[in-house]
Amino acid sequence: MTDWGFPFGRLTLDAIPLSDIVTAHGRTELLSGITGSAAAGAAVLGALVALVIVTWKGWWKPLWSDWLTSVDHKKIGIMYIVFSFVMLARALAEAFVMRMQQVVGHDGGGIVMPEHFAQLFSTHGTIMIFFMAMPFLTGMINYVMPLQIGARDVAFPVLNSVSLMLTVAGGIILMVSLVLEPFSTGGWSGYPPYTEAAFNPGAGPDYWIWAVTLSSLGTTFTGINFAVTIYKKRCPGMTLMRMPLFTWTALCTSILMIFAMPPLTIATALLALDRYLDFHLFTNGGGGNMMNYANLFWLFGHPEVYILILPAFGVWSEVFSTFSGKTLYGYTALVIATMAIAVLSFTVWVHHFFTMGQSANLNAAFGIATMLIGVPTGVKIYDWMLTMYRGRVRISVPMLYALAFLFLFTIGGLSGILLANPTIDYQTHNTLFLVAHFHNMLIPGLLFGMIAGYTMWFPKAFGFRLDEKWGYRAAWCWIFGFMGAFFPLYALGLMGMPRRMADYFTGAWLPWTVVALAGAGLIVLAFTFLLVQLRVSVRDRARLAVPVGDPWDGRSLEWGLPAPPPEWNFPALPRVEGRDAFATLKMTGEDLGPPDDGYEDIRMPKNAVLGPVIGALGTGLAFALTWYLWWLALPLAALVPVVLIAQGFRRDTEKVIPAHEVRETWRAFRALAARTPRVSRRAEYTRDNRGHAIPMPQEAAE
Amino acid sequence: MSATQTRHPGLNLGSNHQSADDRAETEVFGFWVFMMSDAILFGLLMATYVVMRPNTNGGPGPHDLFELKSIFIETMLLLASSVAIGFSHLALKHEDRPTKMVIWLVVAMALALAFVGFEIHDFLKMAGKGGVPQASGFLSAFFALVPLHGLHVSAACLWGLAILGQLARYGLDDGVKVSMVRLAVLWHFLDLVWIGIFSLVYIGGLA
Amino acid sequence: MRAAALRWPLPFETSMACAACLASAQAAQADSFLDAAGPVAAAQVSHLRLILILMAIVVVPVFAATPWLVRRYRYGRARGDYRPEWKFSLLFEVLAWGVPFLVVIVLGTILWERTHQLDPYLPVAEAKAPPVVIDVIGYDWKWLFIYPEQGVASVGEMAFPADRPVKLNLTSDTVMQSLLIPRLGSQIYAMKGMRTQLNLAADGPGRFEGRNTQYNGKGFSAQSFTAVAMRPGDFESWVAQARAQGLPFDEKARAALEHKGTKLDLRHALGMPDGTVVHFAAAPTALFDKIAGMKETGE
Ligand code: HEM
Ligand SMILES: [Cu+2]
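As the structure is a computational prediction, the values presented were derived from the model and not from experiment.

Residues and elements named next belong to chain C. Buried residues dominate strand 1 (residues 132–139), accounting for eight of its eight residues. As judged from the seven bridges shared by strand 1 and strand 5 (residues 166–172), these two strands associate in the parallel manner. By the bridge assignment, Val-136 is partnered in strand 5 with Leu-170. Pairing of strand 1 with strand 2 (residues 142–147) involves five bridges; the strand directions are antiparallel. Each bridged residue has a counterpart across the sheet, and for Val-136 the counterpart in strand 2 is Phe-145.

With that settled, consider the interface of chain A and chain C. In this assembly, 102 residues from chain A lie in contact with 99 residues from chain C. With both sides pooled, the region where chain A packs onto chain C buries about 8,800 Å², and carbon together with sulfur makes up 72% of that total. Counting the surface chain A buries against chain C, the share from its top three residues, Arg-390, Phe-407 and Gln-427 of chain A, is 10%. Scanning the region where chain A abuts chain C turns up one salt bridge. The interface formed by chain A and chain C contains 32 residue pairs in polar contact (both at pLDDT 80 or more). When residues of the side of chain A that touches chain C are traced back to their parent elements, those giving at least two are helix 5 (114–148), helix 9 (290–323), helix 10 (331–344), helix 11 (360–388), helix 12 (397–420), helix 13 (422–428), helix 15 (468–494) and helix 22 (696–701) of chain A. Here the element with the most residues in the side of chain A that touches chain C is helix 11 of chain A; it accounts for 18 residues.

Right, let's talk about the UniProt feature "domain: Heme-copper oxidase subunit III family profile" (unreviewed entry) in chain B for a bit. Here, the residues flagged by UniProt with the feature "domain: Heme-copper oxidase subunit III family profile" (unreviewed entry) are residues 29–206 of chain B. In residues 29–206 of chain B, the share of helix is 85% and the share of strand is 0%. The end C-alpha atoms are 38 Å apart.

Moving on: the coordination of the iron atom of ligand 1. Residue and element names in this part refer to chain A. The protein atoms donating to the iron atom of ligand 1 are His-124 (NE2) and His-439 (NE2), with metal-donor distances spanning 1.9 to 2.0 Å. Classification of the site at the iron atom of ligand 1 as octahedral follows from its six donor atoms and the range of 87 to 179° in their angles at the metal. Taken together, the positions of His-124 in helix 5 and His-439 in helix 14 (residues 432–462) put the pair 315 residues apart, joining distant regions of the chain. For the pair His-124 and His-439, one class covers both residues: buried.

In this section: the sheet that holds strand 6 (residues 177–180) of chain C. All names here are of chain C. With respect to topology, five strands assemble into an open sheet ordered 4-10-9-6-7, the strand pairing being mixed. Looking along the sheet, the strands with just one partner apiece sit at the ends: strand 4 (157–161) and strand 7 (187–190). Ignoring strand direction, the axes of neighbouring strands in this sheet form an average angle of 25°. One ladder, built from five bridges, connects strand 4 with strand 10 (residues 224–230); its direction is parallel. Note on strand 10: the bridge partner recorded for Glu-157 is Thr-226.

Before going further, it helps to spend a moment on the interface of chain B and chain A. Listed per partner, the contact involves 41 residues of chain B and 35 residues of chain A. Between chain B and chain A lies a buried interface of about 3,100 Å² when both sides are counted; carbon and sulfur atoms form 71% of it. Along the contact surface separating chain B from chain A lie two salt bridges. Of the charged contacts in the structure, one is a salt bridge between Arg-651 of chain A and Asp-173 of chain B, with a shortest N-O distance of 2.5 Å. At the boundary of chain B and chain A, one finds 11 residue pairs in polar contact (both at pLDDT 80 or more). Residue assignment for the side of chain B that touches chain A shows that the elements contributing at least two residues are helix 1 (18–52), helix 5 (137–170) and helix 6 (174–206) of chain B. Ranked by residue count, the leading element in the side of chain B that touches chain A is helix 1 of chain B, at 16 residues.

Ranking the two pairs of chains in contact by contact count places chains A and C at the top. Of all C-alpha pairs spanning chain B and chain C, none lies closer than 12 Å, and the two are not in contact.

This next bit is on helix 6 (residues 157–179) of chain A. Since one α-helical turn is 3.6 residues long, residues separated by three or four positions face the same way. Taking 1.5 Å per residue, 23 residues should reach 33 Å; helix 6 of chain A reaches 34 Å between its end C-alpha atoms and fits that length. Across the 23 residues of helix 6 of chain A, 17 count as buried, placing the element largely inside the fold.

So, about the sheet that holds strand 2 of chain C. Residue and element names in this part refer to chain C. Strand order in the open sheet made by the six strands is 8-5-1-2-3-11, with mixed pairing throughout. Taken across any chain shown, the strands that pair with only one partner, and hence form the sheet edges, are strand 8 (196–200) and strand 11 (278–280). Between one strand axis and the next, the sheet turns through 25° on average, direction left out of account. Judged from the four bridges that link them, strand 2 and strand 3 (residues 152–155) form a sheet pairing that is antiparallel. Across the sheet, residue Leu-144 finds its bridge partner in strand 3, namely Val-155. Docked against the sheet, helix 5 (residues 232–245) engages strand 2, strand 3 and strand 11, running at close to 90° with respect to strand 3.

Residue and element names in this part refer to chain B. When the UniProt feature table is mapped onto this chain numbering, "transmembrane region" (unreviewed entry) sits at residues 28–51, 71–92, 101–118, 138–164 and 185–205. In residues 138–164, helix accounts for 100% and strand for 0%; the two terminal C-alpha atoms are 40 Å from one another. Secondary structure content for residues 185–205 is 100% helix and 0% strand, and the end C-alpha separation is 29 Å.

Our focus in this paragraph is a nonpolar patch on the surface. Residue and element names in this part refer to chain B. Side chains of Val-83, Phe-87, Leu-90, Ile-103, Trp-104 and Val-107 sit close together on the surface and give an oily, nonpolar patch of about 500 Å² of accessible area. Mapped onto the fold, Ile-103 is located in helix 4 (residues 99–128). Ile-103 sits in the partly exposed class, given a relative accessible area of 47%.

What follows is about the coordination of the copper ion (ligand 2). Residue and element names in this part refer to chain A. Bound to the copper ion (ligand 2) on the protein side are His-302 (ND1), His-351 (NE2) and His-352 (NE2), at distances that span 1.7 to 2.0 Å. For the copper ion (ligand 2), all donor residues lie on one chain, and their spacing in sequence is H-x48-H-H. Within this pair, whereas His-302 is found in helix 9, its partner His-351 is found in the loop between helix 10 and helix 11, the two being separated by 49 residues in sequence. Looking at His-302, the relative accessible area reads 7%, which means it is buried.

This structure, assessed with the given rule, holds 81 aromatic pairs over all chains. With 5.2 Å between their ring centres and 85° between their planes, Phe-121 of chain A and Tyr-215 of chain C make a pair best called edge-to-face. Of this pair, Phe-121 of chain A sits in helix 5 while Tyr-215 of chain C sits in the loop between strand 9 (206–212) and strand 10, each in a different chain. The burial state of Phe-121 of chain A is the same as that of Tyr-215 of chain C; both residues are buried. Between Phe-407 of chain A and Phe-63 of chain C, the ring centres sit 5.2 Å apart and the planes meet at 80°, which makes this aromatic pair edge-to-face. Separated into two different chains, Phe-407 of chain A in helix 12 and Phe-63 of chain C in helix 3 (residues 39–72) make up a pair that spans both. Comparing Phe-407 of chain A with Phe-63 of chain C shows no difference in burial state: the two are buried. An aromatic cluster is present here, built from Phe-83, Phe-130, Phe-131, Trp-188, Tyr-191, Phe-282, Tyr-293, Phe-297, Trp-298 and Phe-300 of chain A joined pairwise through their rings. Positioned above the aromatic ring of Phe-29 of chain B is the side chain of Lys-232 of chain A, whose terminal nitrogen or guanidinium carbon lies 4.9 Å from the ring centre.

About the criteria used
Residues numbered from 1 in each chain as written. Chains lettered and ligands numbered in written order. Predicted model: local features only at pLDDT ≥ 70, side-chain atom pairs only at ≥ 80, totals over all residues. Heavy atoms only, no water. Buried < 20%, exposed > 50% of the residue type's maximum accessible area, 1.4 Å probe, protein only. Helix = DSSP H or I, 4+ residues; strand = E, 2+ residues; numbered from the N terminus. Pairing = 2+ DSSP bridges. Contact = heavy atoms within 4.5 Å. Buried area = accessible area lost by both parts, 1.4 Å probe. Salt bridge = Lys/Arg side-chain N within 4 Å of Asp/Glu carboxyl O. Polar contact = N/O pair within 3.5 Å; in protein donor to acceptor, adjacent residues only side chain to side chain. UniProt positions renumbered as here; feature names shortened; annotations may be inferred. Donors = N, O, S within 2.8 Å, 3.2 Å for Na, K, Ca; no water. Tetrahedral: all angles 85-135°; square planar, octahedral: opposite > 155°, others 65-115°. Axes fitted to C-alpha atoms, helices over the stretch in contact; angles between N-to-C directions. Expected span 1.5 Å × (residues − 1). Patch = residues over 30% accessible without salt bridge, like charges linked within 9 Å, V, L, I, M, F, W, Y side chains within 5 Å. Areas by Shrake-Rupley, 256 points an atom, 1.4 Å probe, with all protein chains shown as cover. Phe/Tyr/Trp six-rings, centres within 6.5 Å; stacked < 30°, edge-to-face > 60°. Lys NZ or Arg CZ within 6 Å of the ring centre and 35° of its normal.

Now the structure itself:
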C-alpha cells in the first residue's frame, strides 16, 4: 500500500463498457459490448433524467427534508419499496438477456460473451436477493408492522434510516458496476477459491463483497430494530398471541436476520481479508480451506431464504382471511409453524453442498432435517385453504396471486422435497432443476406475496386503490409468465443442463429454452403492466380514492386509520381486547380514537441526517476500496466514527405535536367517515368504495 | 408502554432516574440484542479458528508464538477494567454527582488501553517470529479473530471518550446515562469474549 | 375479468400435465439420468419416482380442494355456509400436521437408506468385478483422467471396460469443480488439496456425456468429456493404443494442462490441430497425490 492510488487507483479506460466495443473481435464480442454499453448508458441516462427532473421541478428540498432525512417508518417503508422496484427492473432485464442468450447461444456464440453472461447471473442473483427481495419485504414490514401493533414508530427510527441508506448504498455500488466494469462473475454465492485474487484479481469480486457487506449490515440493524419494536412497542392489550400474523412473521424474520446475517458478514469480511491483505482463509494454498466459506455462507444462506419467505407468508395470511371475509383458520398452528420453520432453518444448511464428499450419515441427517421443514410449511398451506372454507371468497387481485401461490408453491415444495434427498441432489445439484426450484419458491412465494401486499396496502399508504383492471392483467402475466419461464427449466435440469451456462451444443435443450424465453417475455410484460397500473391509478386517483382507509373490510388496526395515516399514526395508543382488533371494533360501530378528553401531546422523532451521511460514506468507501483509491478510502473510513460520535452529541431529537392538532385531525377524519356511506363487498372494485366497509358478517346477515 | 411488561434483564438505572430508565428500557434492550448478534460474529470466528488451527502450513504454530505470561497480564488488565466499569456504573446509579463515575470510567479506559497496548506488543513479537497472518491458515484465522476483539476494546474506549465529551457539554443528562449503561454492557460483553478467546485460542492452542 | 377468474384453475393443471409429458418424452434425446445407463442412475430414477408417488398424498389435496373451495365459497354465488368466526377443528388440525409428518417419516426412512446405499464413496453394490481406478484432476477447463494401473492418461475421454465399475478419485488443480455423468450417476466436487471419491458403473457399452457443473470461468461450458464404456477387449486396445501413440507426459504437456484453456486449446498447444481427445502414453503417478495433498474429506 505504498502507492496511494492517486487519483484513479486501478481504474483504467477498460472499465468503461464502450471499450469492449472498440476492442471487439467477432460478432458475439461486439454484441456483448453493445449490450453492456446499452445497459451502462441506460443507467447513466436514468440517473441524469432523475437529476434533471428533480432539479427542474424544484424537488431537491422536499426530497431532502420530507424523504431522505425522514425517520418516519412509513416513509422509510415506501422508500425501500421504490428502491426495490428500481432494482427489480434492472434484474428482470438481465434475466431476459440471459434467457435470450440461452436461446441464441445454442450453437456457441450468441449475444453476450461467457464472462458477460457470468456477470449477468451474478448481478441478477445478488440484486434479486439483496436489493430487490430484502428491501421489498423490509419496506413492507416497516410500513405495516408498527401500524398493526399500534405503535407510533419503530424502536430506533434513526437506525431505521441508517439501515435503509446502507442498503441503498449497496444498490448504488451495483449500479456503478454497470458503468465501471466488471462486476463479479462468481454468482450470488461468491464461492472461493474462484473469487480469490489468484483467480479473479480484478475489481469484480470486490464490488460484490462490499455491496453485499453494506446490505448485510443494514439488514442486521433492521432485524434488531424490528425485533425490539415488536417486543417493546406493542400497544396496551396487544399480547403476542393477539398480534396479526404478518407481525408474527415479521418477528420471526427479524430474529432470523439477527442470527443469520453475521455468518454472511464474516464470510465476506474474511474473503476481503484474503483478497486485500493476502490472508489464507479460503485460498487454495497456504493452509486455506474453502469449505469453511461454504459453511459460513450457507449458514446465512438457508435462513436467508426463510427471511425472504416468512413475511410473504404473513401477507398470505392477511390476504386469505381478509378476502375470505373470515377470521384466520388455525392462528396458533400458524404461529407455531412459523416459529418451527425459523428454528429449523438453522439446521439444514448442508443441503447446499451434499456433493462436497461428507459422510452419508451427515448428508442423510441434513436431508431429513430439510424434509422436516416441509411439515410446518404444509400445515400453513392447509390452514390457508381452511381459511377459505366456510368463508366468502372474493377473487380480488391479491387473492388471485394467493390462489396461484397455493398451486405453484406446492409444486416448488415438491421439487424441494426431491432436492432434499441427497441421492437426487447428486444428479440435480448445479443444474437448472435447482434454478427452477428456487425460482419456484421465490417468485410465487415471495414475489407474488410482495406484489399482493403492495396491492393490498397501497391504498393505505396513498389514499387510493391500484387500478384493478391492470392489476388482473399483470397478475395473469406474472402467473403464466412464471410457468412458461420456469417449468421448462425443470425439464432442462432433468436433462442435465447445468446452471450458469452461456452456450451449449445439445440440440434437445433448445425448444425448452425458447419456451422459457417466451415466459420471461411475459414476465417483462407483467412488470410493465404493474408500471402502467401505477400510472393509471395515479391519473385516476379521484375515482379510486379511499380516504376512510378501509377498502377491503380489513381486520387489523391499520385499517382503522385514515388513508394515508397521519405521521403519528394513532391519536392515542389503542387498547386492544383480542385478535382481529379492528374487525371487532367495526362490528360494534366504534373507532380507534380516544374519548374526547383523551388527547395528549405526541412526541415524534425529528428528521436526522445520519442515514444519508452514513449511506454516502458507505457508497464512497465501497467504491474506493473496490478500485484501490486508498487516498479516498482512508479519510472516509476515519469519518465514520466521527459521524457516529457527532450523532451521540445530538440532543434536540424530538418534536411535539400539540394535542389540539391531533384532535382536529382526528375529528376531521371521523367527520369524513360519518359522511361517507359504507359499502358492501359487491362494490369493492367500484368508485363507491371510499374505504368505508360494511363488515362482511353484517352484510351476510342482511 | 404498559408498565406490566417485563423489563430487560441485567444492567439498569433504577427508579431514581425515572425518565432515563424508561428510555433505557428500549435502548438497552436493543443493545443487548445487538450484542447477541455480535456474539454470533465472534462465535463463528472462534469456530473458524478451531477448524483452521491444524493448518499451520509448515509455519509457526501456537507453541512457537503464544506466551502465557503476557496473555495472563492482558486478561488481568481486562478483568480489572471490567470491575472498574462496574464501579463506574454503580456510581452512576447511586450518586447524584458524576465525579466518581468519571474517575472509574477513566480508570477502566486506562486499563483497557493498557490491554490493547500489550496486545499490540504481542502481535509485533509474533510477527518477529514469522507469525504474520499471511503465513498460514491458522494465523489468518487467529488474526481475523483476536485483533477484532482488540478493535472492539479500542472502539469502546473511544466511545468512553465521547461520553465524557457529552458529559462536559450537557452534564449528566438522560443521553449520557443511557450511553453509560450501554457502554457498560459492551464492556462486560468484551470481557466474556476475551474469556472465550483466552481459553479457546491460547489455552486451547497450547494444550 | 369475472369470466376469466372463473376458469382459472384449468390452465394451470393442463399446462402442468403437458409439461410433465413433454419432459419425459424429450429427456431421452439429451443425456438425462432419467434415461439411466448404470445402476446408480437407475436407483436414482426409482427413488425419484417413489418420492413423487408418496408426495402425491400431500400434494393432491391442495390441487383438488383449492378449486373446490373457491367454487363452493365464492362470494356472490356461494353454496356453502358462512361461519366468519370458525377457526379451529381438531380433526383438520390432526390431519394437517399428522399426514405430512407421516409422509416425511416414510420419506425420511427411505432417504436414510438410499443415501447410504448410493454413497458415492462406496463401491457400486451391483458390480461383480473389481473397479478400475481413475484419478481425475480438474484443470481450467478440462479434466485429466489418469489410469494409475494402466499407466496412461487422457483428456476429453474417460474410457473404461463396461463390465467393471469405476472408482474415481477426484481433485482439482484450480478452483472447485464438480464432475457429473448424468446417465451413469452422481456428481461430486473436486477441490484442490483434497481428494473426493465417486463410484460409478455402466450397464453395458456406450458413450455418455460428462461435464463439470460448477461454474469456473469463461471456458466452463466447454468443460465436457465423453465417458466411454467399452467392451473389455476394446478397452485393452484403447490402453495399448494410448501407450503406443499417446503423447509423452512431459513439462510441455504439464504446462499446457495448467494453462487456462479448453480441451481444444490443449490440443492446439500440443500441436494437434483438430479433434477433442488427447491421450498420454505415460501416467504421471505422483501428480494426483501432490495436488490432492492426500487429505481426505469425510470419514
Ligand atoms: C421474474 C423473473 C426471473 C427470471 C426470468 C429469472 C431468470 C434467471 C436466470 C436465467 C438465471 C440464471 C440461471 C442460470 O444459472 O443458468 C437466474 C438466476 C438466479 N435468479 Fe432469477 N429470475 C427471475 C426472478 C428472480 C427472483 C424474483 C429472484 C429472487 C428473489 C431470483 C434469484 C435468482 C438467483 C439467486 C439466481 C442465481 C444466480 C447465480 O447463479 O448465482 N430470480 N434467474
Ligand atoms: Cu437451503
